[in-house]
Amino acid sequence: AKQIVLASRPKGSPTLNNFRSETVDVAELKNGEVLLEGMYYSVDPYMRGRMNDAKSYSPPFDLDQPINGGVIAKVLESKSDILKAGDIVLGMLPWKETCTASEKDLKKIDTSIAPASYYLGVLGMTGLTAYFGLMNICKPKKGETVVISGAAGAVGVVVGQIAKIQGCRVIGIAGSDEKTKLLKTEFGFDETINYKTTKDMSKAIGMLCPNGVDIYFDNVGGEISDAVIANINFNARIALCGQIALYNSTDTPMGPRLQPMLLTRSVLMQGFIIGNFKNEFPEGIKHLAQWVKDGKIKFTETIENGFDNLPKALLGLFKGENTGKMIVKA
Ligand code: NDP
């Protein structure tokens, strides 16, 4: 079966040359294990960090070993008492077309609630990130103004809709007119800004938020965040969820020093890793699943077809090629 390995570590932006496809034998099935066929593979911005040889919350990928990440797979054969052939499961699995895995590392998913791929998005890691980042860190109150960067991505579209459910006014920042239009027509955002065509971001945010920004859900960092913070309100909360604008930087960019704003306005800024909320995942999934079922949260995906396109899809995240969750369908 085919697998995709990390061939070399990128300096700056990754390229297709950092990956290699190869064909290997599938391991023999042992007791307690199942043979899996990959259906949907998740590509996520945090994988860029794992391509570096640096200590972080998630260990680096090993050179010449398969990349791994969230995968939805179908059980082809089972030597497990819990899982049977035909079951659809979620696991952190290698980028292999076919592989064996222990029943302990897999979770059976319920495809009667939502399509299987949603368990990599709104009913999975990115949905939980949106839920806990907004609810537990930003603690939205009715009538507050919420600004979201990376608003048309997997996390962003869900943050915006949860904020609307909480009665907030929601402003989304994204990188194309198609995306900003969709945020308004499909996802109920009140206002949007295309950061690629807006010259003075700080001014644009100020016009849309005349009373200041009460909540900033930050998915991107960099200059966009500088512009949002320049408009931050007293007692605002900032959830530092992602800094994708900086993941490929080779130096440390310098921005305007806005800390006095944070200080004098008593702003709370908190970084988080979704794993921090592990014990509360069932609670988060319960809410998200109910909202999806009730049609209060809509979701969208960009699906790349073909296992071989995994590296291309991962690189696409850094070029804004996705709306909603980027997924590869085998
Ligand atoms: P997205 O679906 O949002 O995909 C990434 C998007 O980021 C792209 O579509 C692009 O949209 C935007 N982007 C890429 N490069 C830049 C740039 N230089 N400046 C501004 N925007 C850029 O990914 P996710 O929803 O999965 O993740 C969103 C963020 O949340 C990421 O930073 C990720 O690392 C973080 N994250 C954090 C977690 C945590 O535990 N803290 C868990 C999950 C995600 P556009 O067209 O608008 O530019």
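Right above here is the structure, for reference.
All figures in this text were calculated on a predicted structure; none of them were measured in a lab. (Residues numbered from 1 in each chain as written. Predicted model: local features only at pLDDT ≥ 70, side-chain atom pairs only at ≥ 80, totals over all residues.)

Student: What exactly am I supposed to notice about the sheet that holds strand β11 (residues 213–218) here?
Tutor: Sheet strands associate in pairs through backbone hydrogen bonding, adopting either a parallel or an antiparallel arrangement. Ordered by their spatial adjacency, six strands build an open sheet running β10-β9-β8-β11-β12-β13, and the pairing between neighbours is parallel. Sheet topology places β10 (191–194) and β13 (268–271) at the edges, where each strand pairs with a single neighbour. Within this sheet the neighbouring strands show an average axis-to-axis angle of 15 degrees, counted without direction. Of the pairings in the sheet, the one linking strand β8 (residues 145–149) to strand β9 (residues 169–174) comprises five bridges and is parallel in character. Each residue of the ladder has a partner; that of V146, found in β9, is V170. Relative to β9, helix α3 (residues 154–165) is tilted by about 170 degrees, and along the sheet it contacts β8, β9 and β11. The strands touched by helix α6 (residues 222–229) are β8, β9, β11 and β12 (232–240); relative to β8, the strand with the most contacts, the crossing angle is about 170 degrees. (Pairing = 2+ DSSP bridges. Helix = DSSP H or I, 4+ residues; strand = E, 2+ residues; numbered from the N terminus. Axes fitted to C-alpha atoms, helices over the stretch in contact; angles between N-to-C directions. Contact = placed C-beta atoms within 7 Å.)

Student: Is there a simple way to explain the site of the ligand in this structure?
Tutor: Residues in close proximity to the ligand total 31 residues, the closest being G153, V155, G175, G242 and G320. Among the secondary structure elements, those contributing two or more residues to the shell around the ligand are α2 (125–138) and α3. It is α3 that contributes the most residues to the shell around the ligand, three residues altogether. In terms of residue class, the shell around the ligand is built from 17 nonpolar, twelve polar and two charged. (Near = placed C-beta within 6 Å. Nonpolar A, V, L, I, M, F, W, Y, C, P; charged D, E, K, R; others polar.)

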